[in-house]
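# Secondary and tertiary structure notes
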Amino acid sequence: MKVGIADTTFARFDMARAAIDELRRHVSVKIERITVPGIKDLPVACKRLIEERGCDVVMALGMPGPKPIDKTCAHEASMGLIIAQLMTNKHILEVFVHEDEAKDEVELARLAEARTREHAQNLVKMFFKPHLMEREAGMGMREGFEDVGPLRP
């Protein structure tokens, strides 16, 4: 299996390093990486990883800024990633950490690390241990933050 990692220079944390490390802790996969300037460049990078480099799944890693324009760019990038998934019939796991999700830079770094690693674990479950992913259905899992748990009727 080949996993693609697309990340950006705009991010303030090396999310690709965390993703690659976490993947290698759990499975043996070939990894292809493309680094682009910003999140709006991620959809084509992911599509290239799938179509040109033969990746079976891709992680799209980005860190949008805190301003309204950054939120708009993140939304546009997200829409592009969805389109790329539909065009290639391959999963692209979007892993965005917005700079305003944390109260300070220490918490932001912790969040970026945790969310990236937890999404890498999700990739492992999706493709190598789907029974584990199925067990977590409806459990209120949150990547990077504390899980909220399931609703009880």
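Residues numbered from 1 in each chain as written. Predicted model: local features only at pLDDT ≥ 70, side-chain atom pairs only at ≥ 80, totals over all residues. Heavy atoms only, no water.

For the chain, an unreviewed UniProt entry supplies the name Riboflavin synthase and the organism Methermicoccus shengliensis. The UniProt entry for the chain carries this comment under Catalytic activity (unreviewed entry): "2 6,7-dimethyl-8-(1-D-ribityl)lumazine + H(+) = 5-amino-6-(D-ribitylamino)uracil + riboflavin". We quote the UniProt Sequence similarities (unreviewed entry) comment for the chain here in full: "Belongs to the DMRL synthase family." (UniProt positions renumbered as here; feature names shortened; annotations may be inferred.)

The next point concerns the overall build of the chain. Of the regular secondary structure elements, the chain holds five helices and four strands. If you list the helices and strands of the chain from N to C, you get β-α-β-α-β-α-β-α-α. The C-alpha atoms of the chain give 15 Å as radius of gyration, which agrees with the globular expectation for 153 residues (15 Å, within 12%). Structurally, the chain occupies a C-alpha span of about 45 × 40 × 30 Å along its principal axes. Nonlocal contacts in the chain, meaning residues at least 24 apart in sequence, comprise 72% of its contacts between residues at least 6 apart. Accessible area of the chain: about 8,300 Å², with a carbon and sulfur share of 54%. Charge centroids of the chain, computed over 23 positive and 25 negative side chains, lie 4 Å from each other. (Helix = DSSP H or I, 4+ residues; strand = E, 2+ residues; numbered from the N terminus. Rg over C-alpha atoms; globule rule 2.2 N^0.38 Å. Contact = heavy atoms within 4.5 Å. Areas by Shrake-Rupley, 256 points an atom, 1.4 Å probe, with all protein chains shown as cover. Lys, Arg positive; Asp, Glu negative; His and termini not counted. Charge placed at Lys NZ, Arg CZ, Asp CG, Glu CD.)

A few words now on unusual backbone geometry. Negative phi characterises most residues that are not glycine, and trans characterises most peptide bonds. With phi around 60°, asparagine 89 is a residue other than glycine that occupies positive phi space. For asparagine 89, the location among the structural elements is in the loop between helix 3 (68-88) and strand 4 (91-96).

When strand 3 (residues 57-62) meets strand 4, the two strands line up parallel, connected through six bridges. Across the sheet, the residue bridging to valine 57 is histidine 91, located in strand 4. As for the winding sense of the linkage, the β-α-β connection from strand 3 through helix 3 to strand 4 is right-handed. (Pairing = 2+ DSSP bridges. Right-handed = clockwise from strand over helix to strand, strands pointing away.)

Now for the pattern of salt bridges. Any two side chains of opposite charge can pair, on the condition that their charged atoms come close. Under the definition given, this model contains 18 salt bridges. Arginine 12 is the salt-bridge partner of glutamate 99, the closest N and O atoms lying 3.4 Å from each other. Within this pair, whereas glutamate 99 is found in the loop between strand 4 and helix 4 (105-128), its partner arginine 12 is found in the loop between strand 1 (2-8) and helix 1 (15-26), the two being separated by 87 residues in sequence. On the accessibility criterion, arginine 12 (48% relative accessible area) is partly exposed. Residue arginine 117 pairs with aspartate 21 through a salt bridge whose shortest N-O separation is 2.8 Å. (Salt bridge = Lys/Arg side-chain N within 4 Å of Asp/Glu carboxyl O. Buried < 20%, exposed > 50% of the residue type's maximum accessible area, 1.4 Å probe, protein only.)

Let us look at the pairing of strand 3. The element strand 3 is extensively covered by neighbouring structure, given that six of its six residues are classed as buried. Residue alternation in strand 3 divides its side chains into two sets, Val57, Met59 and Leu61 and Val58, Ala60 and Gly62, and both sets are buried. Sheet analysis places strand 1 next to strand 3, joined by four bridges and oriented parallel. Across the sheet, the residue bridging to valine 3 is valine 57, located in strand 3.

Right, let's get into the environment of alanine 45. Within the secondary structure, alanine 45 is located in helix 2 (residues 42-51). What makes alanine 45 buried here is its relative accessible area of 1%. For alanine 45 and proline 64, which are 19 residues apart along the polypeptide, the C-alpha to C-alpha distance reads 17 Å. Residue contacts for alanine 45: discarding those within four places in its chain leaves Ala6, Ile34 and Val36.

Helix length check: helix 1, at twelve residues, gives a terminal C-alpha distance of 17 Å against a target of 16 Å (1.5 Å per residue), a fit within 8%. Residues Met15, Ala16, Ala18, Ala19, Ile20, Glu22 and Leu23 constitute the buried set of helix 1. Its buried side turned inward, helix 1 meets strand 1, strand 2 (30-36), strand 3, strand 4 and helix 4. (Expected span 1.5 Å × (residues − 1).)

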